[in-house]
Amino acid sequence: MDDDLRDLPGLPDVASRALGGSVVHVSDELFAAGENLIRPEAPAHDPAAFGARGKVYDGWETRRRRTPGNDIAIVRLGVPSVVESVVVDTAYFTGNFPAGASVEALDAPGRPSVEELLASDWAGLVARVALTGNSRTVLPVDPRRCTHVRLSIYPDGGVARLRVHGRPSPDPALLTGTIDLAALENGGDVVECSDMYYASARNLLMPGRARTTGEGWENARRRDDGHDFVTVRLAGAGRVRRVVVDTSCFVGNAPGEVAVLGCAVDDGAAGRDGSEWRELVARTRVQPDLRHVFPVPPGDPVTHVRLEVFPDGGLARLRVHGELV
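Description of the structure in this document.

Criteria and thresholds
Residues numbered from 1 in each chain as written. Predicted model: local features only at pLDDT ≥ 70, side-chain atom pairs only at ≥ 80, totals over all residues. Heavy atoms only, no water. Helix = DSSP H or I, 4+ residues; strand = E, 2+ residues; numbered from the N terminus. Rg over C-alpha atoms; globule rule 2.2 N^0.38 Å. Buried < 20%, exposed > 50% of the residue type's maximum accessible area, 1.4 Å probe, protein only. Areas by Shrake-Rupley, 256 points an atom, 1.4 Å probe, with all protein chains shown as cover. Lys, Arg positive; Asp, Glu negative; His and termini not counted. Charge placed at Lys NZ, Arg CZ, Asp CG, Glu CD. Polar contact = N/O pair within 3.5 Å; in protein donor to acceptor, adjacent residues only side chain to side chain. Salt bridge = Lys/Arg side-chain N within 4 Å of Asp/Glu carboxyl O. Disulfide = S-S within 2.5 Å.

1. As for the overall build of the protein
- Secondary structure assignment for the protein yields 1 helix and 18 strands.
- Against the compact-globule benchmark of 20 Å for 325 residues, the protein has a radius of gyration of 21 Å, which places it among compact chains.
- Reported as C-alpha extents along the three principal axes, the dimensions of the protein are approximately 65 × 45 × 30 Å.
- Looking at the protein as a whole, 51% of its 325 residues qualify as buried.
- Only carbon and sulfur atoms are counted for the fraction: they give 49% of the accessible area of the protein, which is about 14,700 Å².
- Here the protein carries 37 positive and 45 negative side-chain charges, and the mean point of each set is 4 Å from the other.

Structure representation (structure tokens):
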């Protein structure tokens with residue numbers, strides 16, 4: 001799992017392959033594929049791993065440049081987002097990291113081709129900065145909405161990961177009808193969680209089905225009388241129709257029971273005193289390794305939901321289906 005996913009209430013990595021990001025173009029990838037830049041897991045390294053072209057690295061690595069210019073990688077974000085920071089990670093690249101890097105942004109409607117992207121006017125996001133080997137360089141930026149980012153390295157070398165942290169900002173025209181109000185790609189996010197010892201609560205809101213417990217949320221075993229919970233800010237105020245609580249892959253470590261509450265507030269406090277919450281799904285027993293679908297009685301719109309697990313345990317996904325108001 002990517003360590004960045006534990007940085008709540010920080011922003012999600014909107015370039016991650018787990019959220020649908022894609023490396024659509026690289027100028028060169030002779031030694032290591034550009035696609036590695038957006039892998040969600042932390043970089044790994046095997047000192048003994050060598051291939052026909054040299055040392056095997058978990059990252060993007062270009063050949064030694066013998067002509068003027070520099071190398072680039074273009075990443076399409078998983079969802080249009082307002083980007084607030086960028087991380088350039090040169091983990092394990094020590095004698096072959098770039099001397100510097102810069103990042104540019106593009107807000108492109110539709111589905112532009114690589115040729116159209118290369119011919120576009122890109123806006124500066126991060127001015128050229130010096131890099132060091134085997135380190136994470138965190139670069140705050142002036143918030144800007146974009147669909148693509150372009151990483152330029154000077155003049156060549158290797159980068160393990162590119163993290164682009166931002167707030168998903170999908171096209172409102174695509175959020176009509178019944179949607180998953182909690183989905184990260186629709187603008188939902190986790191704002192509070194009691195415990196994320198094994199895996200991040202933000203995984204609950206990721207697209208698709210979890211393939212392992214590491215792709216869900218898992219807390220530590222409780223040894224007290226309390227219980228664990230996750231609070232989610234929805235994409236907007238919405239009327240909830242049904243909730244899906246998915247324990248897939250969690251066999252001996254699923255919760256015994258769950259409940260889902262909702263509230264409507266204007267800020268991130270989201271009913272921490274308990275006074276604003278109302279019941280969406282009553283406390284009920286759940287089974288391991290199963291998708292549970294719960295209908296929700298008609299009621300007023302809510303802006304936040306709180307998933308409570310009793311006493312602890314892991315979940316693969318949380319879906320909150322409804323209509324924005």
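Still more to cover.
2. Thoughts on the side chain of histidine 165
- Along the polypeptide, histidine 165 turns up in strand β10 (residues 161-168).
- For histidine 165, a relative accessible area of 8% gives the class buried.
- Reaching out from histidine 165, the side chain makes a polar contact with the backbone oxygen of leucine 11 at a distance of 2.9 Å.

3. A short note on the pattern of salt bridges
- Per the stated rule, a full pass over the model turns up 20 salt bridges.
- Between glutamate 35 and arginine 17 there is a salt bridge, and its shortest N-O distance comes to 2.7 Å. Highlighted residues: glutamate 35 in the loop between β1 (22-26) and β2 (50-51) and arginine 17 in the segment before β1, separated in sequence by 18 residues.
- Residue class for arginine 17 comes out partly exposed when judged on its relative accessible area of 40%.

4. Observations concerning the state of the cysteines
- Taken as a whole and judged by the stated rule, the model has 0 disulfides.
- This cysteine, cysteine 249, is not joined by any disulfide, and cysteine 193 carries the nearest cysteine sulfur, 19 Å off.
- Free of any disulfide, cysteine 263 has its nearest neighbouring cysteine sulfur in cysteine 193, separated by 16 Å.

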